[in-house]
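What follows is each chain in one-letter form.
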Amino acid sequence: MPPVLIYLVESVGGFLALDKIVSLIHKANELVWGPGMLVFLLGTGVYLMVRLHFLPLKNLKYALLCTIGQEHRMDAQKKGKKGENQGEQQEGMVDKKGVSSFSSLTTELAATIGTGNIVGVATAMVLGGPGALFWMLVSSFIGMATKLTESMLAVKYRSINERGEPVGGPMYTLRNAFPSKRLGRLLGTLFAVFAIMASFGMGNMTQSNSIAEALYVSFGVPHAKTGLVVTIITILVVLGGIKSIAKVTQVVVPFMGIFYLLGTLLVIITHIENVPRGIAQIVAMAFCPEAVAGGLMGNIAVSAKDALRWGVSRGVFSNEAGLGAAGISAAAADTKDYVKQGYISMTGVFIDTIVICSITGLALAASGVLGSVDVNGELIMGTALTIAAFRSTFGEWGAVFLSICITLFAFATIVGWAYQGEKAFEFLAKKTKYCIYYRFCYALVAFLGAICSLEVVWEFSDVCNALMVVPNLICVLMLSGEACREIKSYR
């Protein structure tokens, strides 16, 4: 890279890491993720779960079968041939301009299964203590009801754009179904703006930052070079639109998920004798008003409030339940069975957080790396902490293994969020021809994220997430009566 370009890159990176900017973003983060936001998110999830008579949990098996196209077997077992035919008839009602239900789910999972499952869990368990994992899982079980409802509404109230493609999400639901048309349009516009901001932050900058950090720690690759390569590849993929993105995600997502789970399980098995103590301390520190972890967890001083705050915020970062972004991908599915598509979308929470994040957290707890400090005496967190856990089992190969996982996870999230952010941009621009500008800007932001400081990127993403939650949950709550009636009467 030319020296002048390197100087400019380092100058921009230094400017973006200025203490004043970090302080401002930090204050905004503390404000939006205060007690009110936690109550709003968890309260909405509990309200929907109770009103749905716990159907998201009762029908989880059905939802998982739907994701692999095996729900007809369950229907046939319960209802005989009639149930099977009914399922086939529903699947036949599709719009050929969209993508398959499985592809829409993998696009959604690509947007959710990312660094939140690796770096986010590690960050949460340091800043919020081991108890943060407990609240992450609790919020995810509750969030299944929110995800089901918001995705079902997004599919039901989607529109058709000028290319004949189905488009939807909370912005369209607010515009097409909110009781007050004027307020609905305002909230829909705000959601679209916040979704674009979140696509740049959570969907892009945090991911490219994690890729750059992982490759730098493992192989010494400069951040700027990684950012340049990620930017070029992102442009090549996102220029093809949803079908191009879906082709990438439906191959990458299953592969990377299985690849990472096998490696993480080996870490847990290697330290299996520490698992019971790790679980006990995770649960205990979720409720202690003030606690200092010891033994396996090092010296992490936290409070129950810290555990709740970081557990819920990182859980939302990981699975996006309550953000409404999943509804954008769900609305692209080739189906008119919107309740079923809502169930398929709901499984993203289960796979993303309840399975992948919990296994990551157990690996961190069992390996004994939590509370470790670097040469400067500061707590190790994020990518470096998870790499330390894998090194405890695989040695130096652990860093290579995790770097590959982070690269796959993060890049899939970048391309998955490209679609979601683009649909929000399209809602504002009204014309699909302008989306090409968003795609190029989105790819360039990947370079920016690679050279920014970790703290700036993650805190900015948290702020964007909280801003998306407000209009989305207002929409969900206002339409919850209609949504719950349809879900309870389904099948």
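Everything numeric in this text was worked out from a predicted model, so none of it was measured. (Residues numbered from 1 in each chain as written. Predicted model: local features only at pLDDT ≥ 70, side-chain atom pairs only at ≥ 80, totals over all residues. Heavy atoms only, no water.)

Enquirer: Help me out: how do you make sense of helix α9 (residues 119-127) in this one?
Expert: An α-helical turn contains 3.6 residues, so any two residues separated by three or four positions project in the same direction. Extensive coverage of α9 is indicated by the burial of eight of its nine residues. Taken residue by residue, α9 has V119, G120, V121, A122, T123, A124, M125 and V126 as its buried positions. Downstream of α9 by one or two residues, G129 has phi in the positive range, about 80 degrees. (Buried < 20%, exposed > 50% of the residue type's maximum accessible area, 1.4 Å probe, protein only. Helix = DSSP H or I, 4+ residues; strand = E, 2+ residues; numbered from the N terminus.)

Enquirer: Even after reading the chapter, I still don't get the packing of helix α13 (residues 223-238) against helix α21 (residues 435-451), so can you show me in this structure?
Expert: The geometry of a pair of packed helices is captured by two quantities: the angle between their axes and the separation between those axes. Following both chains from N to C, one finds α13 and α21 inclined at 160 degrees, their axes separated by 8 Å at the closest point. Taken as axis vectors, α13 and α21 run roughly antiparallel relative to one another. Considering the relative orientation of α13 and α21, their crossing is right-handed. Residues H223, A224, G227, L228, V230, T231, T234, I235 and V238 of α13 touch α21, and the partners they reach there are R439, F440, Y442, A443, L444, A446, F447, A450 and I451. (Axes fitted to C-alpha atoms, helices over the stretch in contact; angles between N-to-C directions. Parallel < 35°, antiparallel > 145°, perpendicular 65-115°, else oblique. Left-handed = near helix turned anticlockwise from the far one by under 90°. Contact = heavy atoms within 4.5 Å.)

Enquirer: Hey, could you run me through the packing of aromatic side chains in this one?
Expert: Geometrically, a pair of aromatic rings is defined through the distance of the ring centres and the angle of the planes. Evaluation of the coordinates by the stated rule reveals 15 aromatic pairs. Considering the side-chain rings of F259 and F401, the 4.8 Å spacing of their centres and the 40 degrees angle between planes classify their relative orientation as tilted. A residue pair is termed long-range when its members are at least 10 positions apart, and F259 in helix α14 (residues 241-270) and F401 in helix α20 (residues 396-429) qualify at 142 residues. On the basis of relative accessibility, which here comes to 28%, the residue F259 falls in the partly exposed class. Accessibility expressed as a relative area gives 16% for F401, which makes it buried. Here R309 stacks its cationic end above the ring of W310, 4.0 Å away from the centre of that ring. When the ring centre of F427 is taken as origin, the NZ or CZ atom of K430, which lies over that ring, is 5.2 Å away. (Phe/Tyr/Trp six-rings, centres within 6.5 Å; stacked < 30°, edge-to-face > 60°. Lys NZ or Arg CZ within 6 Å of the ring centre and 35° of its normal.)

Enquirer: What exactly am I supposed to notice about the side chain of S139 here?
Expert: Within the secondary structure, S139 sits in helix α10 (residues 131-156). Classification of S139 by relative accessible area gives buried; the value is 11%. A polar side-chain atom of S139 sits 2.9 Å from the main-chain carbonyl oxygen of M136. Not counting residues within four places of it along the chain, the set of residues in contact with S139 comprises L42, G311 and V312. (Polar contact = N/O pair within 3.5 Å; in protein donor to acceptor, adjacent residues only side chain to side chain.)

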